[in-house]
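Coordinates in review
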Amino acid sequence: MLRVNDLKVYYKTPSGYIKAVDGVSFEVKKGEIFGIAGESGCGKSTLVNSLILRKPPMIHMGGEALLEGKDIMTLDEKEYRKIRYTKISIIPQYSLNALNPTKKIREIVWDLAKEHGYTDKEEIESKLRERLRMVSLSEQVANMYPIELSGGMKQRVVMVVSTLLDPKILIADEITSALDVTNQRIILELLYYFIKEEKIVDSIIFITHDIGLLDKIADRIMVMYAGKAVEIGPTEKIINKPTHPYTQLLLNSLPRLGINYEKERLQGIPGEPPALLKPPSGCRLHPRCPYATDICTMKEPEMIEIEKSHFVACHMYRG
Ligand SMILES: Nc1ncnc2c1ncn2[C@@H]1O[C@H](COP(=O)(O)OP(=O)(O)OP(=O)(O)O)[C@@H](O)[C@H]1O
Ligand SMILES: [Mg+2]
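What you see as residue numbers is a count from 1 along each chain, following the sequence as written. Following the order in which they are written, the chains are lettered starting with A and the ligands numbered starting with 1. Under the rules for a predicted model, residues below a pLDDT of 70 receive no local features and side-chain atom pairs below 80 are neither given nor counted, while totals for whole chains, interfaces and linings still include all residues.

1. Quick word on helix α9 (residues 245-252)
Heads up, the rule is: Counting other C-beta atoms within 10 Å of a residue's own tells you its class, since 20 or more makes it buried, 12 or fewer makes it exposed, and anything in between is partly exposed; those C-beta atoms are placed from the backbone. In this description a helix means any DSSP run of H or I spanning at least four residues, a strand means any run of E spanning at least two, and both kinds are numbered starting from the N terminus. Note on contacts: each residue gets a C-beta atom placed from the backbone, and two residues are in contact if those atoms are within 7 Å.
Considered for burial, the residues of α9 that qualify are P245, Y246, T247, L249 and L250. Residues of α9 that are buried make contact with β3 (33-37), α7 (211-217), β9 (220-225), β10 (228-234) and α8 (235-240).

Set out below in structure tokens:
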């Protein structure tokens, strides 16, 4: 479906390049929910935003992203506009308030459809009604302005709008972060329903800093650290048998239900994430890694397949 090879995306600043995505490779298969997890600032949003549109200071420094065999990193703005919403659709982070406040939902949807060459208004209206029903919203919502909707409703409308033109890939960047637990669960269930039952989209990339959420929804997970992918594998392996020291730290830092914080301090990850203007040498985790040895400070670890479909970039697991 989507194959990303050695992708590098930097930000140009007066002090130098911020290496936000620095040689990341992965593939997203048809029918799967691919989760991406990692601490704030590790490059998750940069990675997926760069697939849609790059504007200064964001610069594509190298690598490719093949969507159905075609490299989408070489498209210009006009070509992008054609594939956006029809082949690849993104719900960007912080997009809850991105819906045009001066238009009703049906007008927002119609503008989008028109831009993509649709001429039959009734066809689009009926699709909108059907999709609103699918996300358990009343048809009346089509006549409402974004401001009339609650956060959970708005997120569902954003899902409907992003998938209305049946894109192959839907990218959801932190779409549950601003919601309460009930609404989070509803959104996760809807994503699952969209891909596994209704098959509205072929694949979903689901981004979250909360790796625990992925346990419930993702088929496979990629863990990122400081602009790099450090571990990729089936969800069950990543959650139950995390292999990279960073994945282990990330999972250990999750709050658990029933834990008594007076007796047991939450095990945070020691140290700070590195500044990506001048990332650490060798393995970027080495200043924070409990297992770091000399080689980790000098040589960057390669991604190695340690068991079928389970990849880890760490010197402890080299050949
Ligand atoms: N417009 C920009 N100009 C310069 N640097 C940027 C810009 N946007 C992001 N960055 C930097 O790029 C790095 C990656 O940021 P990004 O937003 O991709 O991380 P993220 O993993 O999505 O974080 P979060 O979990 O907080 O959403 C960070 O160091 C950030 O400061
Ligand atoms: Mg982000």
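2. So, the site of ligand 1
The test is simple: Whether a residue is near a molecule or strand depends on its C-beta atom, placed from the backbone, lying within 6 Å of it. For this classification, the nonpolar set comprises Ala, Val, Leu, Ile, Met, Phe, Trp, Tyr, Cys and Pro, the charged set comprises Asp, Glu, Lys and Arg, and every other residue, Gly included, is treated as polar.
Every one of the 17 residues lining ligand 1 counts as a neighbour, but Y11, S40, K44, S45 and T46 are closest to it. At the level of elements, β1 (2-13), β2 (16-28) and α1 (44-52) are the ones that each hand at least two residues to the shell around ligand 1. Counting residues per element, the shell around ligand 1 draws most heavily on α1, at 3 residues. Broken down by class, the residue content of the shell around ligand 1 amounts to 6 nonpolar, 9 polar and 2 charged.

3. Regarding the sheet that holds strand β4 (residues 58-67)
To keep things clear, this is the line we draw: In short, DSSP must find at least two bridges between two strands for them to pair. The angle between two axes is taken between their N-to-C directions and runs from 0 to 180 degrees, where each axis is a line fitted to C-alpha atoms and a helix contributes only its stretch in contact.
The 4 strands lie next to each other as β2-β1-β4-β5, forming an open sheet whose pairing is antiparallel. Only two strands of the sheet have a single neighbouring strand rather than two, namely β2 and β5 (70-71). Each of β1, β2 and β4 is contacted by α1, which is oriented at about 80° to β2, the strand it contacts most.

4. Remarks on unusual backbone geometry
Geometrically, the link from P56 to P57 is a cis peptide bond, its omega value of 5° lying close to zero. Looking at the element boundaries, P57 is found in the loop between α1 and β4. The phi angle at Y85 is positive, at roughly 75°, despite the residue not being glycine. By the element assignment, Y85 lies in the loop between α2 (77-83) and β6 (88-91). Classification of Y85 by C-beta neighbours within 10 Å gives buried; the count is 20. Even without a glycine there, the phi angle at D166 is positive, about 50°. Looking at the secondary structure, you find D166 in the loop between α5 (151-163) and β7 (169-173).

5. Observations regarding the packing of helix α3 (residues 105-115) against helix α4 (residues 121-134)
The condition is simple: Note that the term roughly parallel is reserved for angles under 35 degrees, roughly antiparallel for angles over 145, roughly perpendicular for angles of 65 to 115, and oblique for everything else. Handedness of a helix crossing follows the sense of rotation of the near helix relative to the far helix, less than a right angle counterclockwise being left-handed and clockwise being right-handed.
Following both chains from N to C, one finds α3 and α4 inclined at 125°, their axes separated by 10 Å at the closest point. Our classification of the angle between α3 and α4 gives oblique. Along this stretch, α3 crosses α4, giving a crossing that reads as right-handed. Each of R106, V109, W110 and A113 in α3 lies in contact with α4, whose residues at this interface are K121, I124, E125 and L128. When grouped by side-chain class, the residues that make up the contact of α3 with α4 number 5 nonpolar, no polar and 3 charged.

6. Some thoughts on the nonpolar core
Rules: By our criterion, buried Ala, Val, Leu, Ile, Met, Phe, Trp, Tyr and Cys residues that link up through C-beta atoms within 7 Å make up a nonpolar core.
Within the largest apolar cluster, 83 residues are counted, with the highest numbers of intra-cluster contacts made by A172, L191, I204, I205, F206 and V223. Broken down by element, this core gets its largest block of residues, 6 residues, from β2. Sequence-distant contacts of A172, that is, excluding residues within four places in its chain, are made with I91, L191, I204, F206 and I207.

7. Looking at the environment of A113
Structurally, A113 is set in helix α3. Sequence-wise, A113 and L164 are 51 residues apart; in three dimensions their C-alpha atoms are separated by 8.5 Å. If sequence neighbours within four positions are ignored, A113 has contacts with Y118 and I124.

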